[in-house]
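Observations on chain architecture
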Amino acid sequence: MPDLLWIKNGRVIDPASKRDAVGDVFAIDGKIVASLSGAQKKQARVIDAKGLVVAPGLVDIHVHFREPGQTHKENILTGSRAAAAGGFTTVVCMPNTSPVIDNAGTLQLVNAAASKAAVRVYPTACITTGMAGKQLAPHGTLKANGAVALTDDGLCIQSNELMRRAVEYAKMFDLCVLDHCQDDSLTEKAVMNEGTVSTRLGLKGWPHAAEDIIVARNIILSHYTDAHIHMQHISSAYSVELLRRAKKDGVRVTAEATPHHIALTDEALATYDTHFKMNPPLRTEADRQAIIAGLKDGTLDCIGTDHAPHSPDEKDREFDYAPNGIIGLETALAVTLDILVGEARFKLPSVIDLMTRRAANVLKLPAGTLSEGANADVCLFDPTEQWTYDATKGQSKSRNSPWHGKKLTGRVKTTIVGGKIVFADGAIV
Ligand SMILES: [Zn+2]
């Protein structure tokens, strides 16, 4: 007997098919269909979504799952469960594992773990061998073994010549290069944004110019080679402006923003709390506003969490020595709704668009829509429910979240992957 699913009475929002109305979503054997027959409806598993938003499963093209090598922080299974709890059904994991993902063997290991994950996990692979920024990894082999994009995330290729060759080579295999934009010569020993707050706190600053220079470099190289370069976690107002002009000129660049860069500023570091230490760093209110404006006018393409698990003993130490990064999958939707809908007056469908179709489109992933024939990957959430986030009860193995103990609005109720419920009522199914 076919596997029949009927989600009824919810507010169905699917920006890809321009749908926003109370109605039903149907699936047969894991694929969305327009309707079920009367007889099929009698046999279907029914989910009553009254009062809930029924959206495509969320898509995050920037997560760190730490497998292989640092599975005490996270592994692909726990990371995928954190994703499911956050309403995500498709995620793209970064290759800065230990060893790094720069060869077919490691990709096969990751793919084997991904096949048992709670959601769809797509791997990326390194641009350079050993992520050392010296010589190109075998891009064709990496693509043949499932890499959906190339990145040395966490490290930025400093040589313009090597980056030029990398994007030309990646383009031959129709692969996008994801870049963490940072000129290392400007950020040596830096631990936070360079500005009045870093001066007051006596901490070494990371000037936004270090990001802007690489964003400009990448725009120039993309313009020159017509290769697709995606800028990860944009943090600076001037970078947003550079991207706006590049897109107007038709350059093949895309970019993402994180929930934390749209919600927080460097003022949060006043107590030296390492849960606000990330790379690129939290910046000023003007930068935060510029990123929100970039999301509004389409300069920035999507939201990416940069979910970066670290163990408490690593995070709980002197500010200078604590690692960068925070977890984010289980709070991303609520934080993004709070800022973009609650504060910046975005319409709900446009926020869902940033977290579904637009994210999937950057890497041409088969995800992000509830249109007929698509995978039945669905996120059901209550946009008004208030809840207090407890990181110690989360699905991630790590606890390093600045939102621990904070009240959030908007809660994921049910996550469905391929027509099967993977998360419901606060628990993995
Ligand atoms: Zn990252």
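First, a word on scope: everything that follows refers to the structure included in this document. One numbering rule holds for all chains: residues counted from 1, following each sequence as written. Local features in a predicted model are, by the rule used here, given only for residues with pLDDT of at least 70; side-chain atom pairs are given and counted only at 80 or more, and totals for whole chains, interfaces and linings are based on all residues. Neither water nor hydrogens contribute to the side-chain values; these are computed over all heavy atoms in the structure.

Some details on unusual backbone geometry
As a reminder, the rule being used: Counting from the N terminus, the helices are the DSSP runs of H or I reaching at least four residues and the strands are the DSSP runs of E reaching at least two. Each residue is placed in one exposure class: buried if its accessible area under a 1.4 Å probe, protein chains only, is under 20% of its type's maximum, exposed if it is over 50%, and partly exposed if it falls in between.
Cis geometry is found at the peptide bond from Glu67 to Pro68, where omega equals 10°. Mapped onto the fold, Pro68 is located in the loop between β6 (58-63) and α2 (76-85). Cis geometry is found at the peptide bond from Ser98 to Pro99, where omega equals 0°. Positioned with a positive phi, Asn9 is a non-glycine residue whose angle comes to about 70°. As for its placement among the helices and strands, Asn9 is situated in strand β1 (residues 4-14). Residue class for Asn9 comes out partly exposed when judged on its relative accessible area of 35%.

Considering the pattern of salt bridges
Our working rule: Take a side-chain nitrogen of Lys or Arg and a carboxyl oxygen of Asp or Glu: if they are within 4 Å of each other, that pair is a salt bridge.
Applying the stated criterion across every chain, the model contains 19 salt bridges. For Glu385, the salt bridge identified is with Lys413, shortest N-O distance 2.6 Å. One end of the pair, Glu385, is in strand β16 (residues 378-388); the other, Lys413, is in strand β17 (residues 407-417), and 28 residues separate them in sequence. Take Lys413: its relative accessible area is 26%, and that puts it in the partly exposed class. Two residues, Lys393 and Asp390, come together in a salt bridge whose shortest N-O distance is 3.3 Å.

Focus on the coordination of the zinc ion
Rule in force here: Only nitrogen, oxygen and sulfur atoms within 2.8 Å of the metal, or 3.2 Å for Na, K and Ca, are treated as donors, and water is left out, so sites may look incomplete. Irregular is the label for any site that misses the other tests, which are tetrahedral for four donors with all angles between 85 and 135 degrees, and square planar for four donors or octahedral for six when opposite donors exceed 155 degrees and the remaining angles lie between 65 and 115.
The protein atoms that coordinate the zinc ion are His62 (NE2), His64 (NE2), Asp153 (OD) and Asp306 (OD), at distances spanning 2.1 to 2.3 Å. Around the zinc ion sit four donor atoms; with metal-centred angles ranging over 81 to 159°, the donor geometry is irregular. Between the donor residues of the zinc ion, the gaps in sequence give the motif H-x1-H-x88-D-x152-D. One end of the pair, His62, is in strand β6; the other, Asp306, is in the loop between β15 (302-303) and α11 (312-315), and 244 residues separate them in sequence.

Here we look at the sheet that holds β6
In plain terms, the rule: A pair of strands is treated as paired once DSSP finds two or more bridges between them. A fitted line through C-alpha atoms represents every axis, and for helices the fit uses only the stretch in contact; the resulting angles, taken between N-to-C directions, go from 0 to 180 degrees.
Spatially, three strands are ordered β6-β7-β8 in an open sheet, and the strand pairing comes out parallel. In this open sheet, the two strands that pair with only one neighbour each are β6 and β8 (120-123). On average, each strand axis in the sheet is tilted by 20° relative to the strand beside it, whichever way the strands run. Pairing of β6 with strand β7 (residues 88-93) involves four bridges; the strand directions are parallel. The partner of Leu58 across the bridge, within β7, is Phe88.

Examining the packing of aromatic side chains
Selection criterion: Centres within 6.5 Å make a pair out of two Phe, Tyr or Trp rings, where for Trp the six-membered ring is used; the pair is then stacked when the planes are under 30 degrees apart, edge-to-face when over 60, and tilted otherwise.
If you walk through the whole model with that rule in mind, you get three aromatic pairs. Here the aromatic rings of Tyr169 and Phe173 are separated by 5.3 Å at their centres, their planes lie at 80°, and the arrangement is edge-to-face. Judged by its relative accessible area of 25%, Phe173 falls in the partly exposed class. Ring geometry for Trp387 and Tyr389: centres 6.0 Å apart, planes at 85°, overall edge-to-face.

A short note on the sheet that holds strand β14 (residues 253-257)
Taking strand neighbours across the sheet as the criterion, the five strands line up as β9-β10-β13-β14-β15 in an open arrangement whose pairing is parallel. For this open sheet the edge positions go to β9 (150-151) and β15, each flanked by a neighbour on one side alone.

Describing the environment of His230
Inclusion rule: Polar contacts, as counted here, are pairs of nitrogen or oxygen atoms within 3.5 Å of one another; within protein the pair requires one atom able to donate a hydrogen and one able to accept it, and residues that are adjacent in sequence qualify only if both atoms are side-chain atoms.
Its location among the elements puts His230 in strand β13 (residues 229-231). We classify His230 as buried; its relative accessible area is 0%. When the C-alpha atoms of His230 and Leu178 are compared, they prove to be 4.7 Å apart, with 52 residues separating the residues in sequence. Within the local environment of His230, its side chain forms a polar contact with the side chain of Glu256, the two groups lying 2.9 Å apart.

Some details on helix α10 (residues 285-296)
Note on helix geometry: an α-helix contains 3.6 residues per turn, so any two residues three or four positions apart are oriented the same way. Which entries qualify depends on this criterion: In this analysis, the expected span of each helix is defined as 1.5 Å times one less than the number of residues it contains. Contact criterion: two residues are considered in contact whenever any of their non-hydrogen atoms come within 4.5 Å of each other.
When the terminal C-alpha atoms of α10 are compared, their 17 Å separation across 12 residues agrees well with the 16 Å that a helix rising 1.5 Å per residue should span. Every buried residue of α10 is listed here: Asp287, Arg288, Ala290, Ile291, Ile292, Gly294 and Leu295. Contacts made by the buried residues of α10 are with α8 (237-248), β14, α9 (259-263), β15, α12 (332-343) and α13 (348-355). Directly beyond the C-terminal end of α10, a positive phi value near 90° is found at Gly298.

What about the environment of Asp24?
By the element assignment, Asp24 lies in strand β2 (residues 19-28). By relative accessible area, which is 25% here, Asp24 ends up partly exposed. Remark: the alpha-carbon pair of Asp24 and Thr299, spanning 275 residues in sequence, is separated by 33 Å. Sequence-distant contacts of Asp24, defined by excluding residues within four places in its chain, comprise Trp6, Ile7, Lys8, Asn9, Val12 and Arg19. Side-chain polar atoms of Asp24 contact the side chain of Trp6, separated by 3.4 Å. A polar atom in the side chain of Asp24 sits 3.4 Å from the backbone nitrogen of Asn9.

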